[in-house]
Amino acid sequence: MSEGLGQFEQRSNERPLQTLDHSWARADRQLICGGRKKGLKEESRNGEATLTATIRGDVYSFGVVLLELLTGKRPVEVCKGKNCRDLVSWVFQMKSEKREEEIIDSAIWDKDHEKQLLEVLGIACKCLDRDPRQRPSIEQVVSWLNGVGYKEAQQ
């Protein structure tokens, strides 16, 4: 067997990538989006509805990932009854009640970095705008994230 990343042998118990069942991806996308298919565009192909990812939908999903990192919570917590809330709704509810500090996971909360954590929270929320046209481009998001804490470091 030759060495290097370019040389792989398929094991008998492995299926080629194109034969794998990717139905989990649709379910995952729905979970990430709070079960509402946000950011996905339905298209009809031969009378069959399909979901197509969009750039603005990817920005939304990135915002959800940022919230997961900040909160330590899953996009949809396992819960029973009507008290079940998705992460995005919970964060916006907390922000409307001026309880932003309670959003951040205690495992990463640091009073010395409060401003930076809240700045990242604000960026995440911009990615989650209900109107896809109002969401920033991913390039803008990267620029904002690169600038987190920059002003403080310059002083």
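Notes on the structure follow. Please read these numbers as outputs of a predicted model, since none were measured by experiment.

### Concerning the overall build of the protein
Thinking step 1. Helix and strand content of the protein: 7 helices and 2 strands.
Thinking step 2. From first element to last, N terminus to C terminus, the protein shows the α and β order α-β-β-α-α-α-α-α-α.

### Remarks on the environment of Glu 68
Thinking step 1. The residue Glu 68 is located in helix α2 (residues 55–71) in this model.
Thinking step 2. Here the alpha-carbon distance between Glu 68 and Asp 105, two residues 37 residues apart in the chain, equals 9.3 Å.

### Describing the nonpolar core
Thinking step 1. The biggest cluster of nonpolar side chains holds 22 residues, and the ones touching the most others in it are Leu 67, Leu 70, Val 88, Val 91, Leu 121 and Leu 128.
Thinking step 2. Mapped by element, the contributors of at least two residues to this core are α2, α3 (87–96) and α5 (114–127).
Thinking step 3. Ranked by residues supplied to this core, first place goes to α5 with 7 residues.
Thinking step 4. Excluding its chain neighbours within four sequence positions, the residues that come into contact with Val 91 are Leu 67, Thr 71, Ile 103, Leu 121 and Cys 125.

### Structural notes on the pattern of salt bridges
Thinking step 1. Under the defined criterion, the tally for this structure stands at 4 salt bridges.
Thinking step 2. With a closest N to O distance of 2.7 Å, Arg 99 and Glu 97 form a salt bridge.
Thinking step 3. Assessed through its relative accessible area of 37%, Glu 97 is described here as partly exposed.
Thinking step 4. Several salt bridges share partner residues, and in doing so they unite Glu 97, Arg 99 and Glu 102 into one network.

### Overview of the packing of aromatic side chains
Each aromatic ring pair is specified by the distance between its two centres and by the angle formed by the two planes.
Thinking step 1. Going through the model one piece at a time under the given rule, you end up with 0 aromatic pairs.
Thinking step 2. A cation over a ring is seen here: Lys 73 above Trp 90, with NZ or CZ 5.1 Å from the ring centre.

Rules behind the numbers
- Residues numbered from 1 in each chain as written.
- Predicted model: local features only at pLDDT ≥ 70, side-chain atom pairs only at ≥ 80, totals over all residues.
- Heavy atoms only, no water.
- Helix = DSSP H or I, 4+ residues; strand = E, 2+ residues; numbered from the N terminus.
- Core = buried A, V, L, I, M, F, W, Y, C linked by side-chain atoms within 4.5 Å.
- Buried < 20%, exposed > 50% of the residue type's maximum accessible area, 1.4 Å probe, protein only.
- Contact = heavy atoms within 4.5 Å.
- Salt bridge = Lys/Arg side-chain N within 4 Å of Asp/Glu carboxyl O.
- Phe/Tyr/Trp six-rings, centres within 6.5 Å; stacked < 30°, edge-to-face > 60°.
- Lys NZ or Arg CZ within 6 Å of the ring centre and 35° of its normal.

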